[in-house]
Each structure stands twice: as structure tokens, then as C-alpha cells.
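# Examination of the molecular architecture
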Amino acid sequence: MRATLALLGGLVAALMIPTATAAPSDVIPVTHEEMGRAFDDFAADLHELGERFRRHFTLGEAGPERPLVTFMLDHRADLGLTPAQVQELERIRSDFQKDAIKLEADQRVAEMDLVGLLRADPVDINRVEAKVREIERLRSDFRLGRIRAIERGKAQLTTEQRAKLATMLGELPAARPRAGSPPAPQRF
């Protein structure tokens, strides 16, 4: 965050320094409100980029890039999947990807709506609250859809295949917490 602010500060400073080749007629006056909106848009874009980066590079978090079903398909030979299992896993993956695309698009539209609501003066807190709740509902729908797809995919596997998958993922098969110890975090 500090690096982003430093970069943004450097960019603003660079834009404020007049160039020797610019003629006075090339200068376009900008109001404070326009600059404020531009910075708000820039901040929203940076936030969205950060979210995409985290989803792309985090294995345990929600993201359409590489769910567990894709991992199973990539390791079909290692798991000994039958052609029927492969076909069903591909269908599950395809259905999830379609839903993920729709939910991500809906979330982006809701985020854009939220930015518009926050530009109002005064801000209508009730409408902002409703939009934030909608965005969070879309995020949770996405995550639950991913979990459902993973569970549907794992249900296609035999007991032996599940054990092999757990080994490939570095999990202990049927690991249970001991009495008095906190439960192990689940891998999605």
C-alpha cells in the first residue's frame, strides 16, 4: 500500500512539473473534482487488480483459474480416472467456469455501481450498504459454488482415488484433530 501511494505521489509530481516543449495553449485546466474522480477510479482499478492477483496466485482461495477439479483432470493418469469419471469432471469444471464468469461479471458491475454511489454528495448510506451487501453475497456465492464443484468432483472418485489425491495434495488421509487441539484448516 505504501509503495502504491509512493508511486502515485511520484506520478502526481511528474505531472505537475512543466515540460520545456509544452506550449501554453497545450495546458488544459483540471478541476479538483475531476482529479479526485480520476484518483478514485485509479484506486478502484488498483484494488481490483490486487484482488485478481490474489485469486490467481492463491491455491487455497476461490478462483476460476485452477480449482481442485482441474488438478484432478491434470493428474488423471496418476489417479487412474476412468473415461466416465473424466467426462463427468470436465462437465463439473465447465459448469463451474460458466457460473464463475457470470458471478465475476455481476460483481464487477456492482463494484462500478458502488463507485458511482460513493461519488454522490451526500452519500446515501442505505444504498451503499445494500450495494456492499450485494457484492459480498456475490463473493460468497462464488466461493460456495467452488466448494460445491470440488465436492461434486471428489464424489466422482473411488476411496482409493481419494486417498491418492489427498497424498498428492500433501494431506494426511482421514486426519483428525486430537482431543484438546484445534481442528486443522480445511483445504478448498
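Residues numbered from 1 in each chain as written. Predicted model: local features only at pLDDT ≥ 70, side-chain atom pairs only at ≥ 80, totals over all residues. Heavy atoms only, no water.

The subject of this paragraph is the overall build of the chain. Helix and strand content of the chain: seven helices and zero strands. Secondary structure elements of the chain, listed N to C terminal, follow the sequence α-α-α-α-α-α-α. Taking all 188 residues of the chain together, 21% fall into the buried category. At a minimum sequence separation of 6, the contacts of the chain that also span at least 24 residues come to 71%. Summing over all exposed atoms, the chain offers an accessible surface of approximately 13800 Å²; the carbon and sulfur share of this is 60%. (Helix = DSSP H or I, 4+ residues; strand = E, 2+ residues; numbered from the N terminus. Buried < 20%, exposed > 50% of the residue type's maximum accessible area, 1.4 Å probe, protein only. Contact = heavy atoms within 4.5 Å. Areas by Shrake-Rupley, 256 points an atom, 1.4 Å probe, with all protein chains shown as cover.)

Left-over empty space is what a probe sized like a water molecule reveals as it rolls over the atoms. On inspection of all chains with the given rule, the structure shows one cavity of 30 Å³ or more. Volume-wise, the largest cavity comes out at about 30 Å³. P67, V69, I92, R93, F96, A149 and I150 are the residues that line the largest cavity. Those elements that place two or more of their residues in the lining of the largest cavity are α5 (83-119) and α6 (125-155). (1 Å grid on protein atoms, 1.4 Å probe; cavity = no way out; pocket = protein on both sides within 12 Å on 5 of 7 lines; lining within 4 Å. Points joined across faces, edges and corners; volume = space filled by probe spheres on them.)

Relative to the assigned elements, Q107 resides in helix α5. Residue classification places Q107 among the buried positions, given a relative accessible area of 15%. Other than its neighbours up to four places away in sequence, Q107 contacts I135, L138 and R139.

What follows covers the packing of aromatic side chains. The tally for this structure, following the rule as stated, stands at one aromatic pair. Ring geometry for F96 against F142: centres 5.8 Å apart, planes inclined by 50 degrees, an arrangement best described as tilted. In this pair, F96 is assigned in helix α5 and F142 in helix α6, connecting sequence segments 46 residues apart. Given the relative accessible area of 6%, F96 is considered buried. (Phe/Tyr/Trp six-rings, centres within 6.5 Å; stacked < 30°, edge-to-face > 60°.)

This next bit is on helix α7 (residues 159-168). The set of residues buried in α7 consists of Q161, L165 and A166. Looking straight down α7, one finds its buried side chains confined to an arc of 140 degrees; they lie on one side. Opposite the packed face of α7, turned more than 90 degrees from it, sit the exposed residues T159, E160 and T167. In the core, the buried residues of α7 are packed alongside α3 (68-74), α4 (76-79), α5 and α6. One or two residues past the end of α7 sits G170, with phi positive at roughly 80 degrees. (Arc of directions from axis to C-beta.)

This next bit is on the confidence of the model for the chain. Here the chain shows a mean pLDDT of 78. Residues at 70 or above account for 69%. Predicted confidence is poor over residues 57-65, with pLDDT under 50, and the contacts of this stretch with residues over four places away or in other chains come to 21 contacts. (pLDDT = per-residue confidence, 0-100.)

This next bit is on the pattern of salt bridges. Pairing is possible between side chains of opposite charge, provided their charged atoms come close. The tally for this structure, following the rule as stated, stands at twelve salt bridges. With its nearest N and O atoms 2.9 Å apart, the salt bridge here joins E129 to R133. Remark: R133 and E129 occur in helix α6; sequence separation between them is four residues, near one turn of the helix. D141 is the partner of R137 in a salt bridge, and the nearest nitrogen-oxygen pair spans 3.0 Å. With R137 and D141 both in helix α6 and four residues apart, the pair spans about one turn of that helix. Each member of the salt-bridge network shares a partner with another, and the members are E88, R91 and D95. (Salt bridge = Lys/Arg side-chain N within 4 Å of Asp/Glu carboxyl O.)

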